[in-house]
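Listed here are the chains, written in short residue letters.
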Amino acid sequence: MGAVTDPLWADVADVFDPVAMGRLPDLWIPGVSAADWQALLDLVVARGWWHAYAEGCRVLPLPTAARVLSRPCDAEVPTLCVEPVPGFRAIFRFLSDETIDFDIDLYELRGQERLDVFCGFLRAIGRRLDRTVFLCPEGAGVDVAVLWYEPGADRIAVRHDR
């Protein structure tokens with residue numbers, strides 16, 4: 001793989017504006033399966049990223065994706081908090097076996113250094129799953145993605161008509 005160039009903070013700072021985007025924008029990976037969820041869990045462990053899995057208020061050992069996704073319909077939605085570096089957290093919610101859904105806190109992403117960490121995080125997930133990872137304003141759908149990882153090009157892309 002050739003050199004990867006991440007966007008410059010000056011060019012994308014508006015994408016990370018908590019007022020315009022909502023403090024907790026949505027990240028989506030549509031069209032996944034339980035195997036993709038398991039690949040994500042395996043990536044978290046393989047990278048040594050700090051993580052905490054919880055069902056309601058109970059913090060539990062990280063289960064298999066098959067176990068999480070086979071929970072009863074009326075069960076609480078489990079969460080997986082992942083910190084690829086201290087002070088930058090992603091919160092994954094096991095809402096569906098067809099979509100990986102997670103949030104980040106835009107107040108944790110200020111400046112080029114944190115942007116590079118974020119882009120590396122998206123890239124690691126997108127590469128492992130060979131899927132596009134979309135960043136969308138809080139509460140919006142994939143159709144309004146403002147930034148995404150493109151696996152075919154192995155790059156972070158930004159919508160320029162924002």
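Our subject is the structure that appears above.
Quick caveat: nothing in here was measured; it's all calculated off a predicted structure.

What follows concerns the packing of aromatic side chains. Under the criterion given, the structure shown has 10 aromatic pairs. Judged by centre distance (5.1 Å) and plane angle (55°), the ring pair of W49 and F121 falls under tilted. One end of the pair, W49, is in the loop between helix 3 (34-47) and strand 2 (50-55); the other, F121, is in helix 5 (residues 112-129), with 72 residues separating them in the sequence. For W49, a relative accessible area of 8% gives the class buried.

Attention now goes to the nonpolar core. Judged by nonpolar contacts, the single largest core of 45 residues is most densely connected at F16, F92, F102, F118, I125, L135 and L147. With eight residues, helix 5 is the single largest residue contributor to this core. Beyond its immediate stretch of four places on either side in the chain, L147 contacts V15, F16, F118, L122, V133, F134, L135, I156, A157 and V158. Among the nonpolar cores identified, the runner-up in size contains five residues, and F134, C136, A145 and A157 belong to it.

A separate point is helix 3. In a regular helix each residue adds 1.5 Å, so 14 residues correspond to 20 Å; helix 3 covers 20 Å between its end C-alpha atoms and thus fits that length. Where helix 3 is concerned, the buried positions are D36, W37, A39, L40, L41, L43 and V44. Of the surrounding secondary structure, the elements contacted by the buried residues of helix 3 are strand 2, helix 4 (65-69), strand 4 (79-85), strand 5 (88-93), strand 6 (99-104) and helix 5.

Okay, the sheet that holds strand 3 (residues 58-60) next. Ordered by their spatial adjacency, nine strands build an open sheet running 3-2-4-5-6-1-7-8-9, and the pairing between neighbours is antiparallel. Each of the sheet's edge strands pairs with one partner strand only, and the pair in question is strand 3 and strand 9 (155-158). Adjacent strand axes in the sheet meet at a mean angle of 25°, parallel and antiparallel pairs treated alike. Of the strand pairs in this sheet, strand 5 and strand 6 are connected by four bridges, and their pairing is antiparallel. Following the sheet pairing, R93 is matched in strand 6 by D101. Contacting strand 2, strand 4, strand 5 and strand 6, helix 3 runs over the sheet at an angle of about 40° to strand 6. Helix 5 rests against strand 1 (26-30), strand 4, strand 5, strand 6, strand 7 (133-136), strand 8 (147-150) and strand 9 of the sheet, and its axis sits at about 35° to strand 5.

For the coordinates displayed, the defined rule picks out nine salt bridges. With a closest N to O distance of 2.3 Å, R123 and D6 form a salt bridge. Here R123 is found in helix 5, whereas its partner D6 is found in the segment before helix 1 (9-12), with 117 residues between them in sequence. Residue R123 is classed as buried on the basis of its relative accessible area, which comes to 7%. Note that R93 and D103 form a salt bridge whose closest N and O atoms lie 2.7 Å from each other. Taken together, the positions of R93 in strand 5 and D103 in strand 6 put the pair 10 residues apart, joining distant regions of the chain. In this structure R93 comes out as partly exposed when scored by relative accessible area, which is 26%. When salt bridges that share partners are traced, they join E55, R58 and R67 into one network.

Right, let's get into the environment of S70. Mapping S70 onto the fold places it in the loop between helix 4 and strand 4. Considering only alpha carbons, one finds S70 and D97, 27 residues apart in sequence, at a separation of 9.1 Å. A polar atom in the side chain of S70 sits 2.9 Å from the backbone oxygen of A66. Here the side chain of S70 touches R67 through a polar contact of 3.1 Å, landing on its backbone oxygen.

Conventions we followed
Residues numbered from 1 in each chain as written. Predicted model: local features only at pLDDT ≥ 70, side-chain atom pairs only at ≥ 80, totals over all residues. Heavy atoms only, no water. Phe/Tyr/Trp six-rings, centres within 6.5 Å; stacked < 30°, edge-to-face > 60°. Helix = DSSP H or I, 4+ residues; strand = E, 2+ residues; numbered from the N terminus. Buried < 20%, exposed > 50% of the residue type's maximum accessible area, 1.4 Å probe, protein only. Core = buried A, V, L, I, M, F, W, Y, C linked by side-chain atoms within 4.5 Å. Contact = heavy atoms within 4.5 Å. Expected span 1.5 Å × (residues − 1). Pairing = 2+ DSSP bridges. Axes fitted to C-alpha atoms, helices over the stretch in contact; angles between N-to-C directions. Salt bridge = Lys/Arg side-chain N within 4 Å of Asp/Glu carboxyl O. Polar contact = N/O pair within 3.5 Å; in protein donor to acceptor, adjacent residues only side chain to side chain.

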